[in-house]
Amino acid sequence: MTSPKAHDWIMEMAPYVPGRSTVEGIAEPVKLSSNESVYGASPIALEAFRATADKLMRYPDANSNDLRDAIAEIHGLEAEKIICGAGSDELLTLLIHTFAGPGDEVIYSQYGFMVYPVQTAAVGAIGVAVPNKNWAADIDGILEAVTEDTKLIFIDNPNNPTGAYNTWSEIERLHAALPEHVVLVLDAAYAECVIAEDYSAGASLVERADNVIMTRTFSKMYALAGLRVGWAYGAPGIIDVINRVRMPFNVCVPGHPAAIEAVKDQAHLQASVDFNTKWRDWLTAKLRALDLDAVESQTNFVLVAFPEGNRCALACNDFLTARGYLVRALASLPNHLRISIGTEEQNRSVVALITEFLEK
Ligand SMILES: *Cc1c(COP(=O)(O)O)cnc(C)c1O
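Residues numbered from 1 in each chain as written. Predicted model: local features only at pLDDT ≥ 70, side-chain atom pairs only at ≥ 80, totals over all residues. Heavy atoms only, no water.

Colleague: Looking at this model, I keep getting lost on the overall build of the chain. Mind explaining?
Modeller: Counting its regular elements, the chain contains 13 helices and 13 strands. For the chain, the C-alpha atoms occupy an extent of roughly 60 × 55 × 50 Å along the three principal directions. When the 360 residues of the chain are sorted by exposure, 54% land in the buried category. Once local pairs closer than 6 in sequence are excluded, the contacts in the chain between residues at least 24 apart make up 73%. Looking at the chain as shown, the accessible area adds up to about 16600 Å², and 52% of this sits on carbon and sulfur atoms. When the 28 basic and 46 acidic side-chain charges of the chain are each reduced to a single mean position, those positions are 5 Å apart. (Helix = DSSP H or I, 4+ residues; strand = E, 2+ residues; numbered from the N terminus. Buried < 20%, exposed > 50% of the residue type's maximum accessible area, 1.4 Å probe, protein only. Contact = heavy atoms within 4.5 Å. Areas by Shrake-Rupley, 256 points an atom, 1.4 Å probe, with all protein chains shown as cover. Lys, Arg positive; Asp, Glu negative; His and termini not counted. Charge placed at Lys NZ, Arg CZ, Asp CG, Glu CD.)

Written out as structure tokens, the structure is:
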């Protein structure tokens, strides 16, 4: 008797363990572990979402035409080069599934977004993790890692989980030195949060190169993570390939009008960005005042290092969890915690709790 058998490389993968969202004995824990927005989505977007309730017997627009037009108009882009997806996760995943397979190499930073190594393993390709430099991508290290077998390079810019970013001139330098067969993926999930003036998400490079794609999301600063809407702007050849393999109805019926209104409501986005900047700076300063090493962040979270030894970060994580505050402990960075920006009250409480923990 033979039972069904998956590819060997699939059986080598560890199943995904999601971050916890419940704590025994605590009715509603404060979740600062997934970089969700506490500011909330545009009220106009939420109204548009509700208005779709009586349209759910219909399939959605398979080409997301109105959403692509709205994104193109706001960002000054060409709608034909935009593709929408069920979160940018779908598009990042499809990039790996279409361009890489057994024997191919996919490059990303050692500390970076989990989707890249997981999906690289899923297709049986070889993941090449390049150590970070100043917490962002090490451009020279990545260039040294490129081989004939390299199919894709992922730069999460700014980086998750570190919050650091690469300047636009560094990204341009990377692209200029790349062989043309390599697809450069600029994952700009946090682009809306960035204040740094020497940053750019990547659209101008997409305009003039055949091997670049920028991914964006409505999950972070637009506060629509539960809706699962993301998009990408890419060279026509790359967009064409993903369009061949994606599921036809990947963006749901409520997703279209809600995302359209969200992107049109730039005043709400700006207010949300201002809130995020204010509290990100505040949290960073407070953590540093506690003598903790907080990485300078351009995102909606802060990565903070704890003193070595005594499992300090993990002990602090347990201390916070027991009091109903969920932050993210990272297997790859055992001395660190990643803390998403919360409401004013949540930010103040998390700092008070960490202070209490350190005084113990
Ligand atoms: C959150 C995140 C994403 C995407 O999330 P979606 O909800 O799938 O759009 C992509 N890249 C990075 C680095 C992220 O942190």
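Colleague: Would you mind going over the sheet that holds strand β9 (residues 293–294) with me for this structure?
Modeller: What holds strands together in a sheet is hydrogen bonding between their backbones, with the strands either parallel or antiparallel. Taking strand neighbours across the sheet as the criterion, the four strands line up as β9-β10-β13-β12 in an open arrangement whose pairing is antiparallel. With partners counted over all chains shown, the strands left at the sheet margins are β9 and β12 (328–330), one partner each. Where β9 meets strand β10 (residues 301–305), two bridges bridge the pair, whose relative direction is antiparallel. Bridging from a neighbouring strand, Ala294 pairs with Val304 of β10. Along the sheet, helix α12 (residues 312–322) contacts β12 and β13 (333–340); its crossing angle with β13, the most-contacted strand, is approximately 35°. (Pairing = 2+ DSSP bridges. Axes fitted to C-alpha atoms, helices over the stretch in contact; angles between N-to-C directions.)

Read these as spatial facts, not as claims about activity.
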